[in-house]
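# A look at the structure
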Amino acid sequence: MSDPVRNGIGRIGLPGYGRVLGAALRAPIPAGRVAELTGVNDNTARMIMRKLKAVGLVHVAAWSKRETKGYEPLWGYGDKVEPPYPGGRRRPQGSRTRNLASQAIVLAVILRQLDLEPTTIKRLAEVSGMNWNDLNRILKSWEEDGLVRVSDWDPPVAGGTPSRMYSVGFGPSPKRPKAKSASEQCRRYKATKEGRAAMLTMIRATAANDPHAQEAA
């Protein structure tokens, strides 16, 4: 059976978007490179980049002079300040994207969370509404394409195997730490709880001695 993505029809899916963004994260890319990565034609590639720009995931990082006339955008990852069009008044770039694909919106939600802090698949499922299995498969494909990496490990409170925590970026990932015993996890939980209690006590004592805080109360 032929692959509809390779034939240039149908949706490229979240793995396809990740392939494009992983390339744009490493270096600005033209629409032609987008077409190569996804198997779509040039017009569809330009539409893809307009959708990604509309949700703040890419920006025009530079302009490349065409062989014929004018300049074409080179797309970089993220929502950043764009350089002005070098040829004076810019030619129309086509209609604005009005009906964003739901996948582009979900993609933006996931990547903004990963830009914010290292995040587990469980947390990503909560913020995106996707199920764990789909996210696990997608993140592995994004990791292969250099869009995300495992940047940390989340040790479970009750003992067991630490969970992957993903961030946007490429490069080596830290090794998974050994699973801690239940007793070690209980000691860690107790220490954390005691630390929070001590912090609250200090905050309350500081507020009690602050005349401005007393006036506000």
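Predicted, not measured: the structure shown is a model, and the values here were computed from it. (Residues numbered from 1 in each chain as written. Predicted model: local features only at pLDDT ≥ 70, side-chain atom pairs only at ≥ 80, totals over all residues. Heavy atoms only, no water.)

By the definition in use, this model includes two aromatic pairs. For the pair tryptophan 63 and tyrosine 85, a centre-to-centre distance of 4.9 Å together with 85 degrees between the ring planes defines the contact as edge-to-face. Placement of tryptophan 63 in strand β1 (residues 58-65) and of tyrosine 85 in the loop between β2 (71-77) and α4 (102-116) is noted, with a sequence separation of 22 residues between them. As far as burial versus exposure is concerned, tryptophan 63 and tyrosine 85 are alike and both buried. Taken together, Trp63, Tyr71 and Tyr85 form an aromatic cluster joined through their ring pairs. (Phe/Tyr/Trp six-rings, centres within 6.5 Å; stacked < 30°, edge-to-face > 60°. Helix = DSSP H or I, 4+ residues; strand = E, 2+ residues; numbered from the N terminus. Buried < 20%, exposed > 50% of the residue type's maximum accessible area, 1.4 Å probe, protein only.)

Grouped together as the largest cluster of nonpolar side chains are 44 residues, with contacts concentrated most on Leu21, Leu52, Leu107, Leu111, Leu114 and Trp142. If you tally residues by element for this core, the top one is helix α1 (residues 13-26), at six residues. Those residues in contact with leucine 52, other than ones at most four positions away along the chain, are Tyr17, Val20, Leu21, Leu57, Val58 and Leu107. (Core = buried A, V, L, I, M, F, W, Y, C linked by side-chain atoms within 4.5 Å. Contact = heavy atoms within 4.5 Å.)

This part is about the pattern of salt bridges. Following the criterion strictly, the structure yields four salt bridges and no others. When the shortest N-O distance is used, the salt bridge between arginine 123 and glutamate 126 registers 3.1 Å. One end of the pair is arginine 123 and the other is glutamate 126, both in helix α5 (residues 121-128) and three residues apart, which spans about a single turn. Its relative accessible area of 38% is what places arginine 123 among the partly exposed residues. Taking the shortest distance from any N to any O, the salt bridge between aspartate 134 and arginine 137 comes out at 3.6 Å. With aspartate 134 and arginine 137 both in helix α6 (residues 132-144) and three residues apart, this pair spans about one turn of that helix. (Salt bridge = Lys/Arg side-chain N within 4 Å of Asp/Glu carboxyl O.)

Strand order in this open sheet of three strands is β3-β5-β4, and the pairing throughout is antiparallel. Edge positions in the open sheet fall to β3 (119-120) and β4 (148-154), since each of these has one partner strand only. Summarising the sheet, β4 and strand β5 (residues 163-168) pair through six bridges and their orientation is antiparallel. The residue of β5 that forms the bridge with valine 148 is valine 168. (Pairing = 2+ DSSP bridges.)

Here helix α2 (residues 31-38) has its buried residues at Ala31, Val34, Ala35, Leu37 and Thr38. All buried residues of α2 lie within an arc of 165 degrees about the axis, which places them on one face of the element. Glycine 39 sits one or two positions beyond α2 and adopts a positive phi of about 80 degrees. (Arc of directions from axis to C-beta.)

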